[in-house]
Amino acid sequence: MQEKKYDVVIIGGGPAGGQAARNLSKRGYKTLLVERYKSFNDNNFSSAGMTLEPLKEFDLPEAVIGSYWKDITLQCTEKGYDWFGKTKKGVVLDFGKLRQFLADKAISDGGEVLLGHRYLEKRVSDSGVAIDLLDVETSEIKKIESRLLIDATGPLRKVMYDAKEEQPKMNLGSGTEYLIEVDQQTYDTYKERLVFFLGHKWALKGYSWIFPMENRILKVGSGRTHLKSIDQENTDKSTKKITEKIINEYIQPENYTLIDVHGGILRYCEGLNDTYYKNNVIAIGDAISAINPRGGEGIRYAMQSANLASEYIDSYFKTGKEKFKEYEKKWKRKKLLKWRLSEVSARRMYSRYSDAQIENRVQFFQQNFSIDVLIDSLFNFKYNKMLSRIFSFLWLKLKYKFKKKDF
Ligand SMILES: Cc1cc2nc3c(=O)[nH]c(=O)nc-3n(C[C@H](O)[C@H](O)[C@H](O)COP(=O)(O)OP(=O)(O)OC[C@H]3O[C@@H](n4cnc5c(N)ncnc54)[C@H](O)[C@@H]3O)c2cc1C
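Residues numbered from 1 in each chain as written. Predicted model: local features only at pLDDT ≥ 70, side-chain atom pairs only at ≥ 80, totals over all residues.

Caption draft 1: Just the overall build of the chain, in detail. When helices and strands are tallied, the chain shows ten helices and 18 strands. Over its C-alpha atoms the chain spans a radius of gyration of 23 Å, differing by no more than 12% from the 22 Å that the globule rule assigns to 407 residues. Taking the principal axes of the C-alpha coordinates as reference, the chain spans close to 85 × 55 × 45 Å. Residues classed as buried in the chain amount to 39% of the 407 residues present. A sequence separation of at least 24 residues applies to 69% of the contacts in the chain between residues at least 6 apart. (Helix = DSSP H or I, 4+ residues; strand = E, 2+ residues; numbered from the N terminus. Rg over C-alpha atoms; globule rule 2.2 N^0.38 Å. Buried ≥ 20, exposed ≤ 12 C-beta atoms within 10 Å, placed from the backbone. Contact = placed C-beta atoms within 7 Å.)

If you want it as structure tokens, here you go:
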């Protein structure tokens, strides 16, 4: 291990790191994926809900899917609003199995995976990067070398910045999730359905959720932004307490078994102003704020950023010409506007709107839009159908007002 030199070392075995390792091993590069946890089943923090598109986009197998969903409920403080799908609309992945699958793919193409090792520091030189890793079990330090180093450490951004003070200003989010086993009748109420909670009763400057996994298993959680809100009330609520409230007062199972409690943080840089590359180090995934700031879905975008970075890394190795500035530009061209809209929407929904305003908007949506339009706006940043409907609605209102004036 100590004598080995790699083309690429990737720190962080999340969706971004795993996908990069998969891509670059497949292209024949000597690749090492490093993860601080000893198993992909540890740190299984993500709810991993998404639509069907990523399955095709990243050629994901059935084995990483926890369950399918087809219906959505938006539960506000007063009422719940339902949308029913006739066919499957999305999946909830098993996050541990997804990361294991990506690592296995890299190994089957000749890549190496080193679990239970924490990245400590790097030394950059003209020929590449020297990296120190700590074996978390034995405390032994391993020294390796690589031509390129990838920061896929997610919100921590451990590799790109040597000190925390070097990091740009970021917005913080955090979430807690309980994995519970419930009786069959309770599970059947939530199977094939994503439930999202909005408003103060069931969420805290963010949203909460119930996602189904395999039979009798539910993911119940709550995520919050740490934005300043108009009502700066002191509260003893936490995402953990709200999660427990949802289980006890909303789901109300006769009894349940707690399988796991996990959580994580999100750190998002407004305007996508992270550092994308510097001296032989390239960042991907949550380390470049690839996560959607409104919904907090990041798996698809972490993997997309890994795909894009892999193209530029491949071209660098083949031609010797470094065009990583293009990687940053292309990513921003694709995402910046959408992410900006998402930032505005998050700020309104989570820190400005009252419960009544949220309820009004959700009710309007439910009366006017199908589940496909809802999914497009929640997950795919496609607002065409929704906006044209709203404009024609406003146009009709205006016409009616003028007609009344004429009389
Ligand atoms: C509670 C919660 C719920 C979520 N739900 C969803 C959802 O439903 N759908 C969705 O699409 N997204 C969801 N997300 C977001 C999604 O999980 C992330 O956007 C995604 O995992 C980002 O992938 P990544 O590979 O960039 O980073 P991560 O998944 O964070 O992976 C980073 C990896 O780096 C490792 N690491 C960190 N430091 C070191 C070090 N020093 N040495 C070695 N390894 C290190 C970490 O252990 C980790 O495995 C959720 C996030 C949270 C917190």
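Caption draft 2: Quick look at the sheet that holds strand 7 (residues 90-93). One open sheet accounts for three strands, arranged 3-7-4; its pairing is antiparallel. Each edge of the open sheet is held by one strand with a lone partner, namely strand 3 (49-51) and strand 4 (65-69). Averaged over neighbouring strand pairs, the angle between their axes works out to 30° when direction is ignored. (Pairing = 2+ DSSP bridges. Axes fitted to C-alpha atoms, helices over the stretch in contact; angles between N-to-C directions.)

Caption draft 3: Up close: the domain arrangement of the chain. What the domain assignment reports for the chain is domain 1 (5-65 + 93-169 + 269-343), domain 2 (172-268) and domain 3 (369-407). Using only C-alpha atoms to locate each centre, domain 1 and domain 2 end up separated by 28 Å. Each side of the interface is counted separately: domain 1 has ten residues, and domain 2 has 16 residues. For the side of domain 1 that touches domain 2, the residue count by class is five nonpolar, five polar and no charged. (Domains from an automatic or database assignment. Nonpolar A, V, L, I, M, F, W, Y, C, P; charged D, E, K, R; others polar.)

Caption draft 4: Here's a closer look at the nonpolar core. Membership of the largest hydrophobic core comes to 88 residues, with the highest contact counts inside it found for Val9, Ile10, Ala20, Ile150, Ile282 and Ile284. The element best represented in this core is helix 6 (residues 299-319), accounting for seven residues. The two domains that each donate at least three residues to this core are domain 1 (5-65 + 93-169 + 269-343) and domain 2 (172-268). Ignoring anything within four residues of it in the chain, the contact list for Ile10 reads Gly17, Ala20, Ala21, Thr31, Leu33, Val34, Ile150 and Ala152. (Core = buried A, V, L, I, M, F, W, Y, C linked by C-beta atoms within 7 Å.)

Caption draft 5: Local environment of the site of the ligand. Near the ligand lie 41 residues; those nearest to it are Gly12, Gly14, Gly154, Gly285 and Gly298. Mapped onto the shell around the ligand, the elements with two or more residues apiece are helix 1 (15-26), strand 2 (31-35), strand 3, strand 9 (117-125), strand 12 (171-181), strand 15 (217-225), strand 16 (257-268) and helix 6. Looking at the shell around the ligand residue by residue, the classes come out as 15 nonpolar, 18 polar and eight charged. Two domains share the shell around the ligand, each providing at least three of its residues, namely domain 1 (5-65 + 93-169 + 269-343) and domain 2 (172-268). (Near = placed C-beta within 6 Å.)

Caption draft 6: Structural view of the sheet that holds strand 16. Strand order in the open sheet formed by seven strands is 6-5-13-14-15-12-16, and the pairing between neighbours is mixed. The open sheet terminates on both sides in strands that have one partner only, identified here as strand 6 (80-83) and strand 16. When strand polarity is set aside, the average angle formed by the axes of neighbouring strands in this sheet is 15°. Packing of helix 5 (residues 239-251) onto the sheet brings it into contact with strand 12, strand 13 (193-197), strand 14 (206-212) and strand 15, and relative to strand 15 it is tilted by some 135°.

Caption draft 7: Up close: the pairing of strand 13. The buried fraction of strand 13 is high, at four of five residues. Where strand 5 (residues 71-75) meets strand 13, five bridges bridge the pair, whose relative direction is parallel. Residue pairing for strand 13: Thr73 is matched across the bridge by Val195. As paired strands, strand 13 and strand 14 are joined by three bridges and run antiparallel to one another. Paired with Phe196 across the bridge in strand 14 is Trp209.

Caption draft 8: Focus on unusual backbone geometry. Despite not being glycine, Ser139 shows a phi value in the positive range, around 65°. Relative to the elements of secondary structure, Ser139 occurs in the loop between strand 10 (128-135) and strand 11 (141-151).

Caption draft 9: Region of interest: the environment of Lys142. The topology assignment puts Lys142 in strand 11. Residue Lys142 is classed as partly exposed on the basis of its 17 C-beta neighbours within 10 Å. Sequence separation of Lys142 and Ile131 is eleven residues, and the distance between their C-alpha atoms is 8.2 Å.

Caption draft 10: Local environment of the pairing of strand 15. The buried count for strand 15 comes to eight of nine residues, which makes it a mostly enclosed element. Relative to strand 15, strand 12 is paired through nine bridges, and the arrangement is antiparallel. Counterpart to Ile180 in the pairing with strand 15 is Leu218. Sheet topology note: the strand 14/strand 15 ladder contains seven bridges and is antiparallel. Across the sheet, residue Tyr207 finds its bridge partner in strand 15, namely Gly223. As consecutive antiparallel partners, strand 14 and strand 15 are separated by four residues, and within that stretch Arg216 has a phi angle of approximately 75°, a positive value.

Caption draft 11: View of the packing of helix 1 against helix 6. Two elements in contact, helix 1 and helix 6, have axes whose closest approach is 8 Å; the angle formed by their N-to-C orientations is 35°. At the point where helix 1 passes helix 6, the crossing takes the right-handed sense. Residues Pro15, Ala16, Gln19, Ala20, Asn23 and Leu24 of helix 1 form the contact with helix 6, whose own contacting residues are Ile299, Ala302, Met303, Ser305, Ala306, Asn307, Ala309, Ser310 and Ile313. Tallied by class, residues from the contact of helix 1 with helix 6 come to ten nonpolar, five polar and no charged. (Left-handed = near helix turned anticlockwise from the far one by under 90°.)

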